[in-house]
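Breakdown of the fold
Chain residues, written in single-letter form:
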Amino acid sequence: MTVQNAQGYMHGLFSYAVEPQLFHGRTLCVDNFVVLDLFDVAGIAETLLRAMEGLARRLGCTAIHTTLPERYLPRASRRSPIPDCFHIEGHRQETVRFCKDLLVVNDNAPAAADGQLGAE
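Thresholds applied
Residues numbered from 1 in each chain as written. Predicted model: local features only at pLDDT ≥ 70, side-chain atom pairs only at ≥ 80, totals over all residues. Heavy atoms only, no water. Axes fitted to C-alpha atoms, helices over the stretch in contact; angles between N-to-C directions. Helix = DSSP H or I, 4+ residues; strand = E, 2+ residues; numbered from the N terminus. Parallel < 35°, antiparallel > 145°, perpendicular 65-115°, else oblique. Left-handed = near helix turned anticlockwise from the far one by under 90°. Contact = heavy atoms within 4.5 Å. Nonpolar A, V, L, I, M, F, W, Y, C, P; charged D, E, K, R; others polar. Buried < 20%, exposed > 50% of the residue type's maximum accessible area, 1.4 Å probe, protein only. Phe/Tyr/Trp six-rings, centres within 6.5 Å; stacked < 30°, edge-to-face > 60°.

Viewed as axis vectors pointing N to C, helix H1 (residues 41-58) and helix H2 (residues 81-88) meet at an angle of 40 degrees, and their least axial separation amounts to 9 Å. In terms of orientation, H1 and H2 fall into the oblique class. Read as a crossing pair, H1 and H2 show a hand that is right-handed. Contact residues: Val-41, Ala-42, Ala-45, Glu-46, Leu-49 and Met-52 in H1; Pro-81, Ile-82, Cys-85 and Phe-86 in H2. A per-class count over the contact of H1 with H2 returns nine nonpolar, no polar and one charged.

The following block contains the structure:
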């Protein structure tokens, strides 16, 4: 889903999938929520959020789960308009998502120093 101006320039986007969730049932799961506008971050974010809700309703979803990049989350004294837009549009934070990058995820992994591949 994208937000574009009249000239076709992209100002924001998100990707989504509909997935069954244990707690919420049919859920619109949103990733890659990106605002590309330097001057109207909140306006583009609000447009994307309204599009998410309309899409979720059309697809028969009972909830929307959004994974935001860490850069959107406010640190000690820094505020970001993106989470504020989510709160204004009725979203709440339910979880914290952790990620561990794995350098190798297949059987072609190089052997460890002792010649072992490790636990599978």
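Turning to unusual backbone geometry, a few remarks are in order. With phi around 55 degrees, Asn-32 is a residue other than glycine that occupies positive phi space. Checked against the element boundaries, Asn-32 lands in strand E3 (residues 25-35). On the basis of relative accessible area, Asn-32 is assigned to the partly exposed category, the value being 47%.

For any pair of aromatic rings, the description rests on two quantities: the centre-to-centre distance and the angle between the ring planes. In total, this model carries two aromatic pairs according to the counting rule given. Measuring from centroid to centroid gives 6.2 Å for Phe-14 and Tyr-16, while their planes differ by 55 degrees, and the two rings are tilted. For Phe-14, a relative accessible area of 2% gives the class buried.

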